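# Structural characterization, general
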Amino acid sequence: MPKGNVEFKKRLKRAVEQLVEEEGYLRAISVRLHSPVWRDRQYRWATLMDSDGTLLRERTVVSTSANQGQPTVLLIGVIIQSEFSTSGTKPNPLGKAAVGATPRGVWVDVAPGTRRRVDRPFVLFVLPEAKAYHLKKSFRATEMNVRNASEAFPDVTRIIVPRGISKTDLVTELRKRTRRWLTGAGRPTG
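Predicted model, so just to flag it, every value in this text is computed and none were measured. (Residues numbered from 1 in each chain as written. Predicted model: local features only at pLDDT ≥ 70, side-chain atom pairs only at ≥ 80, totals over all residues. Heavy atoms only, no water.)

## Some words on the packing of aromatic side chains
Applying the stated criterion to the full structure yields three aromatic pairs. Between Trp45 and Trp107, the aromatic rings sit 5.2 Å apart at their centres with planes inclined by 70 degrees, giving edge-to-face as the arrangement. Residue Trp45 is found in strand β2 (residues 42–50), and its partner Trp107 is found in strand β5 (residues 106–111); the two are separated by 62 residues along the sequence. In this arrangement the basic side chain of Arg115 is found over the ring face of Trp45, its NZ or CZ atom lying 4.6 Å from the centre. (Phe/Tyr/Trp six-rings, centres within 6.5 Å; stacked < 30°, edge-to-face > 60°. Helix = DSSP H or I, 4+ residues; strand = E, 2+ residues; numbered from the N terminus. Lys NZ or Arg CZ within 6 Å of the ring centre and 35° of its normal.)

See below:
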């Protein structure tokens, strides 16, 4: 992976960590996403993929009946995927976009020995824009593949940011795109 991509991914990881801290989101202890699969006559855990970050928040379901005891709590999650070096082919972003459609759900580790299902997963592709001439052609192909993937599946979107974006500006961009989903009235626009 080119040096610029490694630096961007490190900055993205630090931005996600800062956003989790500032917003008080639930912290995942791993970037691995899992799902139970039926194999050899029993359910086993399968690793779906590694994300570049997850933003998790519990949301209470408001009861409409008087006889409900404990309130139901959903886990809402934004799965962040940095795209550039790995999205030169169509299957990669399509698979990442489809993770929310996994039949038995997407699960994350929130504490040692505690794996929880993300009840409403949302995938956010973050594309660092290529400014160098020799990278523009591959960036256009990547952007097209990610755009197609984000339009093919529900609850998937993308943002394009400058490759050299600061961590502070990246936190601001992530907050703008994800806050309404995690704390507000539903799906973010755009």
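## Observations regarding the sheet that holds strand β3 (residues 53–61)
A sheet is described by the order of its strands in space; here four strands give the open sequence β3-β4-β7-β8, paired in mixed fashion. Of all strands in the sheet, those bounded by a partner on one side alone are β3 and β8 (156–162). Each neighbouring strand pair of the sheet contributes to a mean axis angle of 20 degrees, computed without reference to strand direction. In this structure, β3 lies alongside strand β4 (residues 72–82), joined through nine bridges in antiparallel fashion. Looking across to β4, one finds that Glu58 is bridged to Leu75. Sitting on the sheet, helix α3 (residues 133–152) is in contact with β7 (120–129) and β8, with an inclination near 155 degrees to β8. Its contacts with the sheet place helix α4 (residues 167–183) against β3, β4, β7 and β8, and it is angled at close to 150 degrees to β4. (Pairing = 2+ DSSP bridges. Axes fitted to C-alpha atoms, helices over the stretch in contact; angles between N-to-C directions. Contact = heavy atoms within 4.5 Å.)

## Looking at the environment of Val73
Within the element layout of this structure, Val73 appears in strand β4. Looking at Val73, the relative accessible area reads 38%, which means it is partly exposed. On a C-alpha basis, the gap between Val73 and Glu58 in space is 6.2 Å, while along the polypeptide they are 15 residues apart. If we skip the residues at most four places from it in the chain, Val73 touches Glu58, Arg59, Thr60 and Asp119. (Buried < 20%, exposed > 50% of the residue type's maximum accessible area, 1.4 Å probe, protein only.)

## Comments concerning α4
At Arg177, α4 shows its largest bend, some 40 degrees. The set of residues buried in α4 consists of Leu170, Val171, Leu174, Arg177, Thr178, Trp181 and Leu182. (Bend = angle between axes of the 7 residues up to and from the residue.)

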